[in-house]
Structure formats: structure tokens, C-alpha cells
Amino acid sequence: MYKIAVIPGDGTGPEVVNEGLKVLQAAAKKFVFKYETKFFDFSGKRYLKTGQLVADSDIEELKKYSAIYLGAVGDPEVKPGIIETGVLLKLRFSLDQYINLRPVKLYNSAYCPLKDKKPEDIDFVVVRENSEGLYKGMGEFKDKGTKDEVAIQISYNTRKGVERCIRYAFECSRKRNKKKKLTLCGKTNVLTYAWDLWQRTFNEVAKDYPDITTDYAHVDATTMWFVKNPEWFDVIVTDNLFGDIITDLGAMIQGGMGIAAGGNINPQGVSMFEPIGGSAPKYTGKNVINPLAAICAVGMMLENLGEAQAAKAIEQAVIEVVNKKIKSLAAGKMGYSTAEVGDLVVERLK
Ligand code: IPM
Ligand code: MN
């Protein structure tokens, strides 16, 4: 019996989570597994009403679950930074979800903004370090508000943190069993402390994986290759901020935020799965947002729980819907409503 903590969140989060849960229910029936859900109302909405974010006691409660399924959090009425750090990053950090796994896979060349790229050309995974780096929140102001002000933001990288992330990425290349190639994406030419540690750790860990080809690309060049030669990539490992940036570009070349899902993974603990687009306030309540990213997140969650067959079937159903049914991956242009797209996936799972 899987215990799933559901956080619908803000904006279109609840709408897409609804569709994801429909698909989860259909998958459970077909592949014969049992689960129960409990809803948690962490959100910008709740913060505006009560001032509450995610408390340490909430974290203790969440540790009892098999997985967390998140829609999106963020409300335009709340000052930037509060919900991000108080909800999303609080969950990622406190549950030590040190991997942010973001597959970049094109399901239909018609939705790719790049000329002449086919599904087989865009099929890679970004392993983003999810607990350290510039996201650590370390730094200070000096002489704040004066003309001599200095703002310092520290990128904090530990050998243990870097190594566990790199090892995960090597394992991921092996498990994918495709090009068996791992690219370290960094900035060794300028960020000479952090990336020296990353490069040294990468080279050392690589010795344990003679079957995996290794490569290195600076982050700026990586964005260029994403556009020019995405077929070069198999698995990419990078730090928290670079991973954040390149996966937005990754989402675009796979067809947009409507299809991009990710997992915040603690291989020894509770992981959290989410569509990577935000709460999309302008589409809220219109039944036009694309739920496929949220549905793909359910697939990733099931894969992580060990329901590989169900995960595969969900992906197959999504591929069919993308190729045979909907007209676009963009909100309002799919030719179907949010709920109808969910139904299309469910029908194919039966
Ligand atoms: C993401 C988001 C978050 C991040 C924000 C909302 C804190 O952009 O999941 O990529 O920067 O990690
Ligand atoms: Mn981001």
C-alpha cells in the first residue's frame, strides 16, 4: 500500500494534479497496486490567509509517506522568495532530496522549436544537484543601502554532496543503457573553487564506471549544444543553479512546460514529483492548462516506487495522446480541455 502525500498548491496546480490522480487511479487498477492519498494545503494561498509555510512538524509527517506528488506553488500576491524558500526549497532540503532528475525527451517533432530534430535526437536526462550550491542561501550584505554596498552569495559545495550526486548520475547512465555517456556541465574556466572540486570528484568516481564514457562541457556551451546538437547528450550532471537554468531550455526543446516533469529524489528517503512549470496564474480555473507534465510526473513517481510497468504504460499513453490526439502542447491550444486530456490518457491505460 503506497501512501502518497498530495500537494496541489496554487494556480493551475490543483487542476493538473487532478488529472494526474485520475491517471494514477487507472494505473493502480490495471497494474494491481494499492495506494492511499492524503492532501496537504501548503501554498501561497494558505500563506496569505494564515502566514503558514512548511513547518518542521509537517516535514516529520511527510517522512511517513511513500512519495509526494506536487502541483505547483507560488502566488503573484506574495513577494518573490517567500513561498519558494518556505515551501518548495524547504521540502527539498529538509527531506534531503539531493537529486533533481529532469528527463528531456521529445515525443513529437512537430512540437520541437528546433528545425529538423526528431524524437531520437532529443532524449537525455539532466541530473541536477538539489541541496547545495548557490541555493544554499549563504551570504551577506555589507553596508546595505549605502553606495558602498556589497552583496555576497556563496556557492556551497561539499565533497560528500558533490560525490553522491555524481555517483547517482553514473548509475543513471548505466541504468538507461543508451549512449552510456555522462557529461559534466560546469564552469571550470571561471569558478575555480567549486568546479575544481566537481571535476576532481567526477574524475575519481569515473574510475568506478569504466563502462561509461565521460565528457565535460561548460554551461554556456551546453546551452549552445542543446540547440545545435541535442543528440550528443545522454546524461548530464550539474550543480543546482546551472541545472535550474539548463532544464528550462531543456523543457522548451522537448515541446514546452506542458510536457516537462521532474523528480526531487532522496534515494534513501521520501521523493517528490512535480511538473516543472509553475502555477501559471493567468490560466487558473480555465480548464485549458496542459496536464501531461503532471501526468508524466506520476509516471516518474511510479517508476521510483518500483512500478516500472505502470510507469512505462503511462509514458506510452502520453506518447499516443501527443502524437494522435492533441494539436499543441501549449495551454489553450490543445484542442481539448485539461480534463479531456486526462481522460484521453486514462482511456489508453484501460
Ligand atoms: C524549479 C524552480 C525553482 C528552482 C524555484 C521556484 C525555487 O524554478 O523547480 O526549477 O529554482 O529550483
Ligand atoms: Mn527552474
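Note that the structure is a prediction, hence the values are computed from the model and not measured. (Residues numbered from 1 in each chain as written. Chains lettered and ligands numbered in written order. Predicted model: local features only at pLDDT ≥ 70, side-chain atom pairs only at ≥ 80, totals over all residues. Heavy atoms only, no water.)

(A) Layout of the site of ligand 1. Residues in contact with ligand 1, as listed here, are E84, L88, R92, R102, R128, Y135 and D244. When the free accessible area of ligand 1 is taken as 320 Å², the share hidden by the protein chains comes to 74%. Here the shell around ligand 1 takes three residues from helix α4 (residues 82–94), the largest share from any one element. For the shell around ligand 1, the class distribution of residues is two nonpolar, no polar and five charged. (Near = heavy atom within 4 Å. Areas by Shrake-Rupley, 256 points an atom, 1.4 Å probe, with all protein chains shown as cover. Helix = DSSP H or I, 4+ residues; strand = E, 2+ residues; numbered from the N terminus. Nonpolar A, V, L, I, M, F, W, Y, C, P; charged D, E, K, R; others polar.)

(B) Structural view of unusual backbone geometry. Look at D143: it is not a glycine, yet its phi comes out positive at around 50°. With respect to the secondary-structure elements, D143 resides in the loop between β6 (133–142) and β7 (150–156). Positive phi outside glycine occurs at N177, with the angle close to 55°. Within the secondary structure, N177 sits in the loop between α5 (159–176) and β8 (181–186).

(C) Examining the packing of aromatic side chains more closely. Scanning the model with the defined rule gives 12 aromatic pairs in all. Relative to W232, the ring of W225 has its centre 4.6 Å away and its plane inclined at 45°; by these criteria the two rings are tilted. According to the relative accessible area criterion, W225 is partly exposed, its value standing at 23%. On the basis of relative accessibility, which here comes to 40%, the residue W232 falls in the partly exposed class. Site record: aromatic cluster; members linked through ring pairs are Y2, F33 and Y35. Stacked on the ring of Y135, the Lys or Arg R128 has its end atom at 5.0 Å from the ring centre. Geometry around Y98 places R164 over its ring, the cationic atom sitting 3.9 Å from the centre. (Phe/Tyr/Trp six-rings, centres within 6.5 Å; stacked < 30°, edge-to-face > 60°. Buried < 20%, exposed > 50% of the residue type's maximum accessible area, 1.4 Å probe, protein only. Lys NZ or Arg CZ within 6 Å of the ring centre and 35° of its normal.)

(D) Structural detail: the domain arrangement of the chain. What the domain assignment reports for the chain is domain 1 (1–100 + 260–350) and domain 2 (123–253). Taking only C-alpha atoms into account, the centre of domain 1 sits 25 Å from that of domain 2. Tallying the contact residues gives 14 residues for domain 1 and 13 residues for domain 2. Regarding the contact of domain 1 and domain 2, the summed buried area is about 1200 Å², with carbon and sulfur atoms giving 57% of it. Looking at the side of domain 1 facing domain 2, the largest losses of area belong to F93, Y98 and N100, adding up to 48% of the total buried there. For the pair domain 1 and domain 2, the number of links is two salt bridges. When the shortest N-O distance is used, the salt bridge between E303 and K175 registers 3.9 Å. Scanning the region where domain 1 abuts domain 2 turns up six residue pairs in polar contact (both at pLDDT 80 or more). (Domains from an automatic or database assignment. Contact = heavy atoms within 4.5 Å. Buried area = accessible area lost by both parts, 1.4 Å probe. Salt bridge = Lys/Arg side-chain N within 4 Å of Asp/Glu carboxyl O. Polar contact = N/O pair within 3.5 Å; in protein donor to acceptor, adjacent residues only side chain to side chain.)

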